[in-house]
Structure formats: C-alpha cells, structure tokens
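Residues per chain are reported as follows:
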Amino acid sequence: MTILIKNGQVVSPQGAIAADVLVDREKIVAVFTPGDTSLGKELASSADTVIDAARKYVIPGGVDAHTHMELPFGGTYASDTFDTGTLAAAWGGTTTIIDFAVQKTGERVQDCLAAWHEKANGNTHIDYAFHQILGGVDDDSLKAMDELVNEGITSFKLFMAYPGVYYSDDGQILRAMQAASNNGSMIMMHAENGIAIDVLVAQALAEGKTDPKYHSLTRPWETEAEATNRAIMLSRITGAPLYIVHMSAKQAVQVLQSAKNEGLNVFGETCPQYLYLSLEEQLSQPGFEGAKWVCSTPLRSKEEGHQEELWKYLRTNDLSIVSTDHCPFCFKEQKELGLGNFAAIPNGIGSVEHRLDLLYQGVVNGHISLARWVEICSTTPARMFGLYPQKGVIAPGSDADIVIYDPAGRTEIGFHKTHHMNMDHSAWEGFNIDGHVDTVISRGKVVVDNNTYLGHKGHGKFLKRGLSQYLI
Ligand code: DUC
Ligand code: ZN
Ligand code: ZN
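Predicted, not measured: the structure shown is a model, and the values here were computed from it. Going along each chain's sequence as written, the residues are numbered from 1 onward. Each chain takes a letter, starting from A, and each ligand takes a number, starting from 1, following the order in which they are written. Reporting of local features is limited, given that this is a predicted model, to residues whose pLDDT is at least 70; pairs of side-chain atoms are given and counted only at 80 or more, and all residues count toward the totals for whole chains, interfaces and linings. Side-chain calculation: all heavy atoms of the structure are included, whereas hydrogens and water are not.

Enquirer: Give me the packing of aromatic side chains: which residues, what numbers.
Expert: Whether two aromatic rings pair depends on their centres lying within 6.5 Å, for rings of Phe, Tyr and Trp, where Trp uses its six-membered ring; planes under 30 degrees apart make the pair stacked, over 60 edge-to-face, and the rest tilted. This model, assessed by the stated rule, comprises 23 aromatic pairs. Ring geometry for Y276 and W428: centres 6.2 Å apart, planes at 85°, overall edge-to-face. A residue pair is termed long-range when its members are at least 10 positions apart, and Y276 in helix 10 (residues 272-276) and W428 in the loop between strand 17 (411-412) and strand 18 (432-433) qualify at 152 residues. Grouping residues by exposure puts Y276 and W428 together as buried. Put simply, the rings of F73, F159, Y162, Y166 and F329 touch in pairs and so form one group of aromatic residues. Criterion for a charge above a ring: Lys NZ or Arg CZ within 6 Å of the ring centre, and within 35 degrees of the ring normal. Sitting over the ring of Y313, K312 keeps its end group 4.6 Å from the ring centre. Just above the ring of Y470 sits the side chain of R383; from NZ or CZ to the centre is 4.6 Å. Helix and strand assignments follow DSSP, with helices taken as H or I runs no shorter than four residues and strands as E runs no shorter than two, numbered in order from the N terminus. The buried label goes to any residue with under 20% of its type's maximum accessible area, the exposed label to any with over 50%, and the partly exposed label to all in between, with areas taken from a 1.4 Å probe on protein chains only.

Enquirer: Tell me what's going on with the pattern of salt bridges, and back it up with residues and numbers.
Expert: By convention in these notes, a salt bridge is any Lys or Arg side-chain nitrogen within 4 Å of a carboxyl oxygen on Asp or Glu. What the rule picks out here adds up to 25 salt bridges. A salt bridge links D127 to R443; the shortest N-O distance between them is 2.4 Å. Placement of the pair is D127 in strand 10 (residues 127-135) and R443 in the loop between strand 19 (436-442) and strand 20 (445-449), with a sequence separation of 316 residues. On the basis of relative accessibility, which here comes to 0%, the residue D127 falls in the buried class. We note a salt bridge from K209 to E207, for which the minimum N-O separation is 2.8 Å. Residue classification places K209 among the partly exposed residues on the basis of a relative accessible area of 31%. With a relative accessible area of 54%, E207 lands in the exposed category. Through salt bridges with shared partners, a single ionic network connects E26, K27, D127, K391, D399, D401, R443 and K461.

Enquirer: Residues and numbers for the pairing of strand 11 (residues 155-159), please.
Expert: Where burial is concerned, most of strand 11 is hidden: 5 out of the 5 residues are buried. Judged by which residues are buried, strand 11 turns out to be covered on both faces: S155, K157 and F159 on one side and F156 and L158 on the other are all buried. Strands are labelled as partners when DSSP assigns at least two bridges between them. Pairing between strand 10 and strand 11: 2 bridges, direction parallel. Directly across from Q132, in strand 11, lies its bridge partner F156. Handedness of the crossover is the feature at issue here: the chain leaves strand 10, passes through helix 4 (residues 139-150), returns alongside strand 11, and the resulting connection is right-handed. Pairing geometry for strand 11 and strand 12 (residues 186-190), over 5 bridges, is parallel. Call a crossover right-handed when, viewed with both strands pointing away from you, the route from the first strand across the helix to the second goes clockwise.

Enquirer: With reference to specific residues and values, describe the environment of R175.
Expert: For R175, the location among the structural elements is in helix 5 (residues 170-183). The class of R175 is partly exposed, set by a relative accessible area of 36%. Note: C-alpha distance between R175 and A120 (55 residues apart in sequence) is 30 Å. In what follows, a contact means two residues having at least one pair of non-hydrogen atoms within 4.5 Å. With near-sequence residues (within four places) excluded, R175 lies in contact with D139 and L142.

Enquirer: So what's going on with the nonpolar core? Residues and values would help.
Expert: If you look at the biggest cluster of nonpolar residues, it comprises 131 residues, and the most contacted ones within it are I187, M189, L359 and W373. Not counting residues within four places of it along the chain, the set of residues in contact with I187 comprises M145, F156, L158, A176, M177, A180, P241, L242 and Y243. Buried Ala, Val, Leu, Ile, Met, Phe, Trp, Tyr and Cys residues form a nonpolar core when they are joined through side-chain atoms within 4.5 Å. In this structure, V10, V23, A400 and I441 belong to the second largest nonpolar core, which totals 15 residues.

Enquirer: So what's going on with the site of ligand 1? Which residues, and what values?
Expert: The immediate surroundings of ligand 1 are formed by L71, K157, F159, Y162, H190, H246, C295, S296, D325, C327, N347 and G348. Each polar contact in these results corresponds to two N or O atoms within 3.5 Å; when the atoms are within protein, one needs to be able to donate a hydrogen and the other to accept it, and residues that are neighboring in sequence are counted only if both atoms are side-chain atoms. The side chain of H190 places a nitrogen or oxygen atom 2.9 Å from an oxygen atom of ligand 1. A distance of 3.5 Å separates an oxygen atom of ligand 1 from a polar atom in the side chain of H246. Here ligand 1 has 240 Å² of accessible area as a free molecule, and 99% of this is covered by the chains. We place a 1 Å grid over just the protein atoms. Points where a 1.4 Å probe fits but has no way out form a cavity, open points with protein on both sides within 12 Å along at least 5 of 7 lines form a pocket, and any residue with an atom within 4 Å of a point lines it. Cavity and pocket membership follows a simple rule, namely that a molecule belongs there if more than half of its atoms are within 2 Å of the grid points. Put simply, ligand 1 lies in the largest cavity. When its residues are assigned to classes, the shell around ligand 1 shows 5 nonpolar, 5 polar and 2 charged. We define proximity as follows: a residue is near a molecule or strand when any one of its heavy atoms falls within 4 Å of that partner. Exposure was quantified through the Shrake-Rupley algorithm and a 1.4 Å probe, taking into account, for residues, occlusion by the shown protein chains and nothing else. When residues are grouped by polarity, Ala, Val, Leu, Ile, Met, Phe, Trp, Tyr, Cys and Pro land in nonpolar, Asp, Glu, Lys and Arg in charged, and all others, Gly among them, in polar.

Enquirer: Could you give an account of the coordination of the zinc ion (ligand 3), naming the residues involved and the relevant values?
Expert: Distances decide who is a donor: an N, O or S atom must be within 2.8 Å of the metal, or within 3.2 Å for Na, K and Ca. Water is not included, so sites may look incomplete. Every protein donor of the zinc ion (ligand 3) is accounted for by H66 (NE2), H68 (NE2) and D325 (OD), and the metal-donor separations fall at 2.0 to 2.2 Å. Site description for the zinc ion (ligand 3): donor spacing in sequence, H-x1-H-x256-D. The distance between the zinc ion (ligand 3) and the zinc ion (ligand 2) comes to 3.7 Å. Of this pair, H66 sits in strand 6 (residues 62-67) while D325 sits in the loop between strand 15 (321-322) and helix 13 (355-364); the two residues are 259 residues apart in sequence, bridging distant segments of the chain.

Enquirer: Please give an account of the pairing of strand 14 (residues 266-270) that cites residues and values.
Expert: Of all the 5 residues making up strand 14, 5 are buried; the element is thus mostly covered by neighbouring parts of the structure. Burial of the side chains of strand 14 extends over both faces: V266, G268 and T270 are buried on one face and F267 and E269 on the other. Summarising the sheet, strand 13 (residues 242-244) and strand 14 pair through 3 bridges and their orientation is parallel. Paired with Y243 across the bridge in strand 14 is F267. Here strand 14 pairs with strand 15 via 2 bridges, running parallel. The residue of strand 15 that forms the bridge with T270 is V322.

Remember that the coordinates give geometry; whether it matters functionally is a separate question.
Okay, structure coming up:
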C-alpha cells in the first residue's frame, strides 16, 4: 500500500515547504519538492492512493504526552477508556498518546504497569506509550525504576499534592530523583504544595465555601510557584532532569525560566485549558456548573494575566510542550460527587480531541507561528520522551503518522458537534476554530478522512521509548 500526498505545505519546526510525501505501508519513504517532476510523476502513477493536499498543511501527527485514560481518582475513574479516548484523539489529529500507568502506595510497580498494559493492549486506535506514576516511593519502587527504563518506560511522575493518595514527601522525591539521575530517566512533577492546599481547603469548607470556584481560590499561585521552586532545588541537588507538568501560574513559569537560564535540565508543559479558560469565565459559573472545569493545577484568574504570559513563555520556549492532561469525567454522577463540597469534585478536563485545533487557533490569533505549533504539539513531545524520529517529524524512515490540516476549514467544538470523548458535556462548548483536521494517517493507515472515521480499535501499538533526547 503506497500513498502519495501531493501539493501540500509540509510543516516542521524549521517552517513550511512545498513538498510531496510518499508513504509505503507504515513508513514515510520520501519527501521531495514538486520541482522534482520526473520522480513525482513516476511515483504518482504508481501510488495506490493519491491525496491532493493543495492549500493545506501536511504536519506530523500530534503527540499528546499527558493523558489519563481510566485514571482512578476521587472514588471514580476517568470516563474515557483506551478505546474511546484514542478514538477521540485520532479524530483530532493526535496519533500518539503517552498515558500514565498508576502505582499507589503499597502496590508493586511492575504489577501496576502490567495492569496498564492489560487495559491498553489491543484496545487503542493509535500508538501509545506509558509514563509511570510512583505513588509510593520505597526501596522496591526505586529498584523498579531501573527495570522499567529497560522496558521503555523512561519517565516517572511524582506528586507534591494529594496527600494520602499520590503524594510523595521531599525525602521520597529526592530518592526518586537520585535513581533517575543514575538511570537517565526523566522525573515529571505535579508541582503544587498539597500540604498547604489541604489546610486552605479545610478552612474554606468550614466557612461554608463549597462552590467549584473555591477549588482555584484554595490553590493560589504561590502553592504552584513554591512547589515548582522546591522541585527544581531537589533536581539541582540530584542532577535529575525535571519536567513540570500542567503549569498554569505565570509566577511558577518565571521560576522555571530562571532555572533554565542557569542551564539546568528543567522543562515545562502547559495545557490548552490554561491558555483559554479562567476562574472568572468558567469556574465561577452559577450553581454547580463550574465543576466541569475543576482540574489541577486549577484554572487561574484572567485578570491576573496568566494566559498572555503562558503564550509568551510558549514563544520563548520556557514552556516546551502543550499536552492536554486529558482526564475526563461526566457531569452526571462523576462531577456531581462534589455537589456541596468542591473538594470532592473529580479533578480533570477532557481535551484529547481538541489540542491541535485549539493550538492552531493560537497561530491564527498571532500567539505562535505555524512552525512552533508543530514543534510544541508533535516534534518536541516526541524528542522529550524518546520517540523521535519515529514520531514527531515528516521524514524518510519515520512512521507515517500524518495530518492534513485545512487552514481554510472550520471546526465547531461542542458536545453534539465534533466531540467523540466519552463525556456527557464538553468543557470547550462553543469554541470555534479557524482550521480543520481533514485527514489523519496513523502508521500508514488513513483513520480519518473527510469527517468519516476509517480506523479501528487494535490498530495502535505500544511504543517502547528511549531516554529523553533533550538531556546533556
Ligand atoms: N490533575 C487533574 O486535573 N486530573 C488528574 C490528576 C491531576 O494531576
Ligand atoms: Zn498532575
Ligand atoms: Zn495529569
């Protein structure tokens, strides 16, 4: 099976060039300029399928480095399975996810990873890899880290929040970082001061402040900036590379920026919700409506200007990646667990389907360039987590994960519109994008074309990752 994609603009972090792309079975085999007519004509006449991408962008499939399919949280589970979540991802032009296998205190890391393989194996529509959450750092889990690195799990997430559930104290973090420093893996950090937050939450509830907006008001930016600083200091002591997930407070990114400027191996990620949604406009909606937007780190105040600063930090590469932290919960029966108590609302927003579109709107609005869009949505996540050049680039030898994106198209996001995630609402209802995912190819198979789904469950394969390609 060969596919020739003709007449498009192939986009990479270096910019856009007019080029044709030839796919043979699962791989890209040639990228050539249209001026190369003899080769082009010969290939066009022999290709099984020819796709005309005139006036469209041809980009590497999206790599979402932060998803939580079926995450156990707050007495329930994230509502997308590997089947429904990866189907939605494919619709939106994401062809690789990196999900988080979960270990809780007292559980054996290897058993937890095996359980995650069991959930995903044979059930995904696109390729997938895993990070490992360590919810209990002890001698056994530290040893397991070395074992997992050899199995292609080369990054470990720790939590400075959620005491009693996922939380690690500073001593545990230090020990895990020492192990990472020795085996070359990456520490990913949920940087919020959970001990302080829990006091603020208890005080708010005691004062009768139970609405969803108090989720953000009890997690002030200082709790994120302080934890970010502490994580960086621990990484400095140990020499472990550090990747801070879901950054939302501009002050926290400022702390990260200083550390980067000193040459430390520290990186930051933000998510679409922090670029577009806010405490005032979403989380403070009347009644219990704001529960739809309860996630951690929380949505921040628009008035404080976090959104503009995050876009700026994306341009300057102080923030390297936009992932979704896709963690969907239905409103009925799941978000509703927190009726009358914001602290019991399961934390998370579903966005895996919309990341490419939402970030493309950033190109249209002048926040980022076309090249940067591809870099933060695909190329950098692939390099950061040891998947490059198999993923994240359109080049001979790479997997044929390709999206044909129409800048003249239009995408209306909403529960009854482009939504395929397993949720009973959309956190993005009414967002309209000046662009459209026309065609999605996953390892040489056309899975989405012209608003029709052509993929199937079981097509996706597990990706054994190498070490981060950003480390020196
Ligand atoms: N944040 C969320 O919003 N959901 C799951 C876990 C997390 O850290
Ligand atoms: Zn987190
Ligand atoms: Zn997360």
